[in-house]
Amino acid sequence: MQNEPSKTGAVIVTPEEAEAIRPFGLDMQVLLGSEQTGGRLSVIMACHRPGEGPPDHLHFTQEECFFIVEGTYEVTAGDTTRTVGAGAIVYLPRGVVHRFRNVGTTTARMLDWSVPGGQDRYFREISALAGPGFSGEKVALISEKHDTNFPAPH
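Everything numeric in this text was worked out from a predicted model, so none of it was measured. (Residues numbered from 1 in each chain as written. Predicted model: local features only at pLDDT ≥ 70, side-chain atom pairs only at ≥ 80, totals over all residues. Heavy atoms only, no water.)

Chemist: Which parts of the structure should I look at to understand the pattern of salt bridges?
Modeler: Where side chains of opposite charge bring their charged atoms close, a pairing between them can arise. Within the structure shown, the criterion is met by 11 salt bridges. Between Arg 99 and Asp 56 there is a salt bridge whose closest N-O contact spans 2.5 Å. Of the two residues, Arg 99 is situated in strand β8 (residues 98-102) and Asp 56 in the loop between β3 (42-48) and β4 (63-70); the sequence distance between them amounts to 43 residues. The partner of Arg 124 in a salt bridge is Asp 120, with the nearest N and O atoms 2.9 Å apart. Here Arg 124 pairs with Asp 120, and both are found in helix α1 (residues 119-128), just four residues apart, close to one helical turn. When its relative accessible area of 21% is taken as the criterion, Arg 124 is described as partly exposed. The class of Asp 120 is buried, set by a relative accessible area of 0%. A network of salt bridges, in which partner residues are shared, links Glu 19, Glu 35, Asp 120, Arg 121 and Arg 124. (Salt bridge = Lys/Arg side-chain N within 4 Å of Asp/Glu carboxyl O. Helix = DSSP H or I, 4+ residues; strand = E, 2+ residues; numbered from the N terminus. Buried < 20%, exposed > 50% of the residue type's maximum accessible area, 1.4 Å probe, protein only.)

Right under this line is the structure:
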């Protein structure tokens, strides 16, 4: 396989080699999986149709960084909310409640890094639930296992 780590641990992945997954019905590609980086990080390209995006959530053991490739997102990180487009970057330290939503009229795309890796494993497991086995209870168990926490609404 072309995107396996070399003897030095280096990895080169083209978009055509990335693993396509569909968690929550979203189009995503795992560009770098945790397995390829020794768990150090994972990188995902995520596509969001207008109006799509997750509710408030946070991670206690991972930091995240989003790079907006195209489209327009409303991003909330802690007590800050901004509308941003292509070229914007968002850094999310551990423990910061965050959410985002495509507020544009076309599909938007972002790169999502998690350090250490793990978001790829979370989204793979959610993707595998598609169909009749999908339930809120199973999503909650997978979320807990992979440090994706949804605070209670106030």
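Chemist: Would you explain the environment of His 146 in this entry?
Modeler: In this fold, His 146 is placed in the segment after α2 (136-145). According to the relative accessible area criterion, His 146 is buried, its value standing at 11%. Between the alpha carbons of His 146 and Thr 61 there is a distance of 9.2 Å; along the sequence they are 85 residues apart. With sequence-adjacent residues up to four places away left out, His 146 is seen in contact with Gln 62, Gly 118, Gln 119, Arg 121, Tyr 122 and Glu 125. (Contact = heavy atoms within 4.5 Å.)

Chemist: Which parts of the structure should I look at to understand α1?
Modeler: Residues separated by three or four positions in an α-helix point in the same direction, a consequence of the helix having 3.6 residues per turn. Listing the buried residues of α1 in full gives Gln 119, Asp 120, Tyr 122, Phe 123, Ile 126 and Ser 127. In a view along the axis of α1, the buried residues occupy a sector of 160 degrees, so they form one face of it. Taken together, the buried residues of α1 touch β1 (19-21), β2 (27-32), β3, β4, β9 (108-115) and α2. (Arc of directions from axis to C-beta.)

Chemist: Would you mind showing me how to read α2 here?
Modeler: If you check which residues of α2 are buried, you get Val 139, Ile 142 and Ser 143. Down the axis of α2, the sector holding all buried residues measures 100 degrees, keeping them to one side. Along α2, exposed side chains directed more than 90 degrees from the buried face belong to Glu 137, Leu 141, Glu 144 and Lys 145. Asp 147 sits one or two residues past α2 and shows a positive phi near 60 degrees.

Chemist: Any chance you could explain the nonpolar core here in plain terms?
Modeler: Within soluble globular proteins, side chains that are nonpolar tend to cluster in buried spots. Of all hydrophobic cores here, the largest spans 23 residues; its most connected members are Met 28, Tyr 73 and Met 110. Every element with two or more residues in this core is listed here: β2, β3, β4, β5 (72-77), β7 (89-92), β9, α1 and α2. It is α1 that contributes the most residues to this core, three residues altogether. (Core = buried A, V, L, I, M, F, W, Y, C linked by side-chain atoms within 4.5 Å.)

Chemist: Where do I start with the sheet that holds β9 in this structure?
Modeler: Where strands meet in a sheet, backbone hydrogen bonds hold them as pairs that are either parallel or antiparallel. Ordered by their spatial adjacency, six strands build an open sheet running β1-β2-β3-β9-β4-β7, and the pairing between neighbours is antiparallel. Each having just a single partner strand, β1 and β7 make up the two edges of the open sheet. On average, each strand axis in the sheet is tilted by 20 degrees relative to the strand beside it, whichever way the strands run. Pairing of β1 with β2 involves three bridges; the strand directions are antiparallel. The residue bridging Ala 20 from the neighbouring strand is Gln 29, located in β2. Sheet contacts for α1: β1, β2, β3, β4 and β9; angle to β3, the most-contacted strand, approximately 50 degrees. (Pairing = 2+ DSSP bridges. Axes fitted to C-alpha atoms, helices over the stretch in contact; angles between N-to-C directions.)

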